[in-house]
Amino acid sequence: MFKYELQNAADCLVKDMFRVKKGETVVITADTCSYEDVVDAVASSAAAAGAKLLVINMPTPGGVGKAADPDLPVEALSAVLTKADVWMEFNHQWLLYSTPFENAMRDNKSLRYMCLVDIDAAVFTRIIGSVDLEQLKKFMIAAREKHLGAKVMRVTTPAGTDVSFEIDPGHLMQLDYGDASAPGMWMAPGQFNIVPRFGTVNGRIVFDGTVTPPFGKQLSENISLTVENGVIQKVEGGREAVQYESWLKSFEDPGMFKMAHIAYGFNPGAILTGNVVEDERVWGCTEWGIGYVSPLDAPPAGQDAASHTDGICLNTSVWLDGEPFMEEGRIVDPELKALSPVK
């Protein structure tokens with residue numbers, strides 16, 4: 001199933017998105033819970049492009065980000081990644097924000113990295129193989145322009161989210177529309193990431209989609225966060241809310257209660273499945289990150305934390321300095337509506 005569609009998506013990733021050249025060193029990382037058919041398809045595409053290919057398959061770490069460090073050969077993995085031209089990560093327990101990731105991004109200024117964690121063949125074909133990347137690029141560049149001069153962003157959802165924060169012009173506004181041909185950290189297409197001014201997030205955030213980690217599935221009950229000055233003060237809801245708060249506390253790190261970033265979902269092919277990489281790209285959602293922030297996203301120091309977690313808010317409404325940008329997941333700005341790949 002998905003054999004031809006999967007190979008088409010793999011070719012799109014290697015040739016169109018990364019634009020891999022003959023002789024480049026391409027490293028693919030995976031763990032024992034990764035989807036082998038996806039890894040094999042991408043490896044075949046990279047080899048066909050003439051890359052010098054290295055596929056690294058490791059035991060699945062016990063955590064993500066820096067929480068994965070105790071289970072990783074940190075020095076050896078860092079050494080490999082600092083010499084690569086391209087790194088495609090397909091791990092289940094992601095290495096993004098781990099020490100090898102930090103070392104590679106700091107010491108290898110030519111590295112092109114993309115986080116494609118825990119993606120199966122169906123997700124891969126939906127969010128990469130079936131998307132008009134050129135139209136998506138036009139829309140997302142125009143969407144970022146609407147945010148560049150804004151100072152305050154307010155976000156609400158039908159589930160009860162109502163939160164505001166200040167936009168920090170010194171923090172990166174990352175667009176991922178399918179172009180990973182330049183050095184840097186890239187994500188799957190269809191995400192627009194904003195790191196708020198630290199300490200300015202205030203209000204209520206209600207997750208009604210996916211929270212990963214620790215769950216890795218759609219929630220059975222909403223999880224509500226009360227946030228003051230960028231720090232979670234209260235976690236409310238049912239059984240999963242209790243589990244989530246316990247998981248956050250288990251790190252014994254106050255950084256795990258700090259809001260990290262917000263990202264729009266703008267992938268026309270994405271549907272809510274329980275896979276966070278797809279779910280955070282569902283059109284019209286917003287995804288909130290909590291915990292670690294890379295210095296690349298918020299120079300010069302980022303935000304330190306033991307790990308990182310992401311939660312999804314569906315059908316989001318957004319105001320920029322009081323002007324409506326999106327209403328329950330639908331673009332309302334006339335210029336952007338004309339460019340949108342979703343009508």
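One structure accompanies this document, and this report is about it. Every value quoted in this text rests on a predicted model; they were computed, and no experiment measured them.

1. Description of the packing of helix α1 (residues 3–17) against helix α2 (residues 36–48)
Relative to each other, α1 and α2 sit at 50 degrees, their axes nearing to 8 Å. Relative to α2, the element α1 is oriented oblique. Relative to α2, the crossing made by α1 is right-handed. Listed contacts from α2 to L6, Q7, A10, D11, L13 and V14 of α1 are D37, V38, A41, V42, S44, S45 and A46.

2. Re the packing of α1 against helix α5 (residues 121–129)
It is at 9 Å that the axes of α1 and α5 come closest, and there the two elements cross at 50 degrees. In terms of their interaxial angle, α1 and α5 are classed as oblique. Remark: the crossing between α1 and α5 carries left-handed chirality. Judged by residue contacts, E5, L6, N8, A9, A10, C12, L13 and M17 of α1 engage A121, F124, T125, I128 and G129 from α5. Split by residue class, the contact of α1 with α5 holds 9 nonpolar, 3 polar and 1 charged.

3. With respect to empty space enclosed by the protein
To find leftover empty space, one rolls a probe the size of a water molecule over the atoms. Applying the stated criterion across every chain, the model contains 1 cavity of 30 Å³ or more. What lines the largest cavity is a set of 21 residues, and nearest its centre among them are L96, Y97, M187, Q191 and E280. Across the lining of the largest cavity, the residue classes break down as 10 nonpolar, 5 polar and 6 charged.

Cut-offs used in this document
- Residues numbered from 1 in each chain as written.
- Predicted model: local features only at pLDDT ≥ 70, side-chain atom pairs only at ≥ 80, totals over all residues.
- Heavy atoms only, no water.
- Axes fitted to C-alpha atoms, helices over the stretch in contact; angles between N-to-C directions.
- Helix = DSSP H or I, 4+ residues; strand = E, 2+ residues; numbered from the N terminus.
- Parallel < 35°, antiparallel > 145°, perpendicular 65-115°, else oblique.
- Left-handed = near helix turned anticlockwise from the far one by under 90°.
- Contact = heavy atoms within 4.5 Å.
- Nonpolar A, V, L, I, M, F, W, Y, C, P; charged D, E, K, R; others polar.
- 1 Å grid on protein atoms, 1.4 Å probe; cavity = no way out; pocket = protein on both sides within 12 Å on 5 of 7 lines; lining within 4 Å.
- Points joined across faces, edges and corners; volume = space filled by probe spheres on them.

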